[in-house]
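Read off the chains here:
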Amino acid sequence: MIKLCVFDVDGTLVTKGTRKIPASCIHALKELQQQGIKVAIASGRAPFAMEKDLIKQIRFDYFVCSNGAYVETGDHKPLYQFQLTAEETLYLIQMFRNTDNALMFQNADAAHCYHGYKRISHMLEGFLGRLDILIDDRESDTYLQDTLPLAAVAKIEDNEIEKMKMAFPQFVFTPFNPTFYDINGPHNKATGIEHICKAMNCSMDDVICFGDDYNDMEMVQACGIGVAMGDAREALREVADYVTDICSRDGIAKALKHYGMIQEVRNDEIVSE
């Protein structure tokens, strides 16, 4: 019996680029909650970068942030937190400046760019439509924040990626856009969901999850039911239990109806423009 539904954000709950939330998606999630099923977000986004319109309309029960680096309840009680070490953080800054690749750290409060501000800001504007969360720390000779990063996001040229992987074998480099990578420690969305399951006293078999990108691979394989969006990466579609329609064509609601978890796909009102 499904007790928890977990959703990626970009390209899954929210259309990429335009960041629209289908009305059918909001109706479906509310119907799940009315049945007592918990709903969670699992995203590469950090806590501060969640889609504002989405969390206004749905009170999510849990959040897996920064690809599993930070997990919290809906009322912001931490369940798990990973941080880079001070040595790793400083070495990342040094390496990215020396190779002229762009680097941004995801902290709990904001994003901090230490090199390649224009490249990072262009990416964020395209994905999030906002730059108020990005702090320019390019002029700093050292790391300025009081807390260490949860993760990093980087633009790495193709001829440099293998060098970076060799320099930081303890990290996972996951592509999400041409030459852009999430840089994470020994965790992923699946390990983040495991922390939620522990808090709920349920198993991964009790979870259905939805995703579209490489950083969704582990959770789609680990959860009881793994659903890939219609325009998901081919590798993700191949390992998914079910491939639904794309986000803008009610993919979430259609999959939930397929599994008998909601009664119908409802589009009777516009929830978000």
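Remember, predicted model here, so these are calculated numbers, not experimental data.

What counts, and at which threshold
Residues numbered from 1 in each chain as written. Predicted model: local features only at pLDDT ≥ 70, side-chain atom pairs only at ≥ 80, totals over all residues. Heavy atoms only, no water. Helix = DSSP H or I, 4+ residues; strand = E, 2+ residues; numbered from the N terminus. Rg over C-alpha atoms; globule rule 2.2 N^0.38 Å. Buried < 20%, exposed > 50% of the residue type's maximum accessible area, 1.4 Å probe, protein only. Contact = heavy atoms within 4.5 Å. Areas by Shrake-Rupley, 256 points an atom, 1.4 Å probe, with all protein chains shown as cover. Lys, Arg positive; Asp, Glu negative; His and termini not counted. Charge placed at Lys NZ, Arg CZ, Asp CG, Glu CD. Salt bridge = Lys/Arg side-chain N within 4 Å of Asp/Glu carboxyl O. Phe/Tyr/Trp six-rings, centres within 6.5 Å; stacked < 30°, edge-to-face > 60°. Polar contact = N/O pair within 3.5 Å; in protein donor to acceptor, adjacent residues only side chain to side chain. Pairing = 2+ DSSP bridges. Right-handed = clockwise from strand over helix to strand, strands pointing away.

### With respect to the overall build of the chain
For the chain, the helix and strand inventory stands at nine helices and 14 strands. Taking 273 residues into account, the globule formula puts the C-alpha radius of gyration at 19 Å, and the chain, at 18 Å, falls close to it. Dimensions of the chain, computed from C-alpha atoms along their principal axes, come out at roughly 55 × 35 × 35 Å. Looking at the chain as a whole, 58% of its 273 residues qualify as buried. The contacts of the chain with a sequence gap of at least 6 include a subset with a gap of at least 24, amounting to 57%. Working note: accessible area of the chain is about 12000 Å², and carbon and sulfur atoms make up 47% of it. Side-chain charges in the chain split into 27 positive and 41 negative, and the spacing between the mean points of these groups amounts to 3 Å.

### Considering the pattern of salt bridges
Going through the model one piece at a time under the given rule, you end up with 15 salt bridges. Several salt bridges converge on common partners, so that one network encompasses D10, R19, R45 and E51.

### Quick look at the packing of aromatic side chains
Within the structure shown, the criterion is met by 10 aromatic pairs. For the ring pair F105 and Y143, a centre distance of 5.9 Å and an interplane angle of 90 degrees mean the geometry is edge-to-face. Here F105, found in strand 6 (residues 102–106), pairs with Y143, found in the loop between strand 8 (134–136) and strand 9 (151–155); they are 38 residues apart in sequence, far enough to count as distant. Residues F105 and Y143 agree in their burial class; the two are buried. Between Y114 and Y143, the ring centres sit 5.8 Å apart and the planes meet at 25 degrees, which makes this aromatic pair stacked. Pair noted here: Y114 is in strand 7 (residues 111–115) and Y143 is in the loop between strand 8 and strand 9, with a separation of 29 residues, a long-range link.

### Section: the side chain of E88
Residue placement: E88 occurs in helix 3 (residues 86–99). Here the side chain of E88 touches T85 through a polar contact of 3.0 Å, landing on its backbone nitrogen. A polar contact is formed between the side chain of E88 and the side chain of Q170, at a distance of 3.1 Å. Contacts of E88, omitting those with residues within four sequence positions, involve F168, Q170 and F171.

### Re the environment of D216
By the element assignment, D216 lies in the loop between strand 12 (207–211) and helix 7 (217–222). By relative accessible area, which is 0% here, D216 ends up buried. Sequence separation between D216 and E139 is 77 residues; the distance between their C-alpha atoms is 35 Å. With residues up to four places along the chain from it excluded, the contact list for D216 reads D8, K189, G211 and L236. A polar atom in the side chain of D216 sits 2.8 Å from the backbone nitrogen of D212. Only 2.9 Å separates the side chain of D216 from the backbone nitrogen of D213, close enough to count as a polar contact.

### So, the pairing of strand 2 (residues 38–42)
Counted residue by residue, strand 2 has four buried out of five residues, so it is predominantly covered. Where strand 1 (residues 4–7) meets strand 2, four bridges bridge the pair, whose relative direction is parallel. By the bridge assignment, V6 is partnered in strand 2 with A40. For the crossover from strand 1 across helix 1 (residues 23–34) to strand 2, the handedness is right-handed. Relative to strand 3 (residues 62–65), strand 2 runs parallel, the two being bridged by three bridges. The residue of strand 3 that forms the bridge with A40 is Y62. Handedness of the crossover is the feature at issue here: the chain leaves strand 2, passes through helix 2 (residues 52–57), returns alongside strand 3, and the resulting connection is right-handed.

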